[in-house]
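One-letter residues, chain by chain:
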Amino acid sequence: MKTTEKTTLFALTMGDPAGIGPEIALKAMKNAAFRDAAVVVGDAAVLEDIAARVGIRGALRRIASVADFRKGKASVLDCGMISPGSYALGRTQEACGRAAYRYIETAIELAMRGEVDGVITNPINKEALHAAGVAYPGHTEIFADKTGACSYSMLFLLHNVGVAHVTTHCSLRTAVDLIS
């Protein structure tokens, strides 16, 4: 009798192409256990460019769908949104905001269809999102809207400690005023 073991698979969004997200994704993919459990949702050309800039070695495998994922390979679901030379590192840009939003949307769609078991996000630039016409203040609100959640909160979990935000995406002054 043949048994098949289901592999848990996560979608890791690349984050803002002009930010630290691509480098974080590349460094995560150096870890074999992580590489065997995640596919990066982003732009392969950007990741290859950043890898060369920061000296990260190892081939990235471009895949067209999650069905093409294979353990042992650093897989990138290539969205083809942006390419090296079309943006500047460390700058707020409309094209980068549009690309980062598309990576998030794609990852959510994959999860909603059951093609991945969860989504891990890299940093985005909220100003770039807004420049691209994306009105959400951050990841949490995008996820809530795209999944139809009426009640939601951002939660950070490390080992056995979880922290949920009471306020998000506002100044400290405003946060103090919002807490009763």
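The residue count restarts for each chain, going from 1 along the sequence in the order it is written. Local features in this predicted model are restricted to residues whose pLDDT is 70 or higher, and side-chain atom pairs enter the listing and the counts only when it is 80 or higher, whereas totals over whole chains, interfaces and linings include all residues. Hydrogens and water molecules were not included; the side-chain quantities draw on all heavy atoms of the structure.

Q: Go over the sheet that holds strand 2 (residues 38–42) with me, naming the residues and quoting the values.
A: Only when DSSP finds a minimum of two bridges between them are two strands counted as paired. Numbered from the N terminus, helices here are DSSP runs of H or I no shorter than four residues, and strands are runs of E no shorter than two. Spatially, 3-4-2-1-5 is the arrangement adopted by the 5 strands of the open sheet, whose pairing is parallel. Of all the strands in the sheet, the pair left with one neighbour each is strand 3 (60–63) and strand 5 (118–120). Shown here is a sheet whose adjacent strand axes are inclined to one another by a mean of 35°, direction ignored. Relative to strand 3, helix 3 (residues 44–54) is tilted by about 170°, and along the sheet it contacts strand 2, strand 3 and strand 4 (74–78). Angles here are taken between N-to-C directions and fall from 0 to 180 degrees, while the axes themselves are lines fitted to C-alpha atoms, restricted in helices to the stretch in contact. Contacts: residue pairs with any heavy atoms within 4.5 Å of one another.

Q: Tell me about the pattern of salt bridges, and name the residues and values.
A: Throughout this description, the term salt bridge denotes a Lys or Arg side-chain nitrogen within 4 Å of a carboxyl oxygen of Asp or Glu. Within this structure, the stated rule accounts for 10 salt bridges. Between Glu105 and Arg102 there is a salt bridge, with its nearest N and O atoms 3.0 Å apart. Placement of the pair is Glu105 and Arg102 together in helix 4 (residues 94–112), with a separation of 3 residues, close to one helical turn. Each residue is assigned to one of three classes by its accessible area relative to the maximum for its type, calculated with a 1.4 Å probe on protein chains only: buried under 20%, partly exposed between the two thresholds, exposed over 50%. You can call Glu105 buried: its relative accessible area is 15%. Since its relative accessible area comes to 28%, Arg102 is described here as partly exposed. Salt-bridge contacts for Lys146 lead to Glu105; the nearest nitrogen and oxygen are separated by 3.3 Å. Within this pair, whereas Lys146 is found in helix 6 (residues 139–147), its partner Glu105 is found in helix 4, the two being separated by 41 residues in sequence. On the basis of relative accessibility, which here comes to 33%, the residue Lys146 falls in the partly exposed class.

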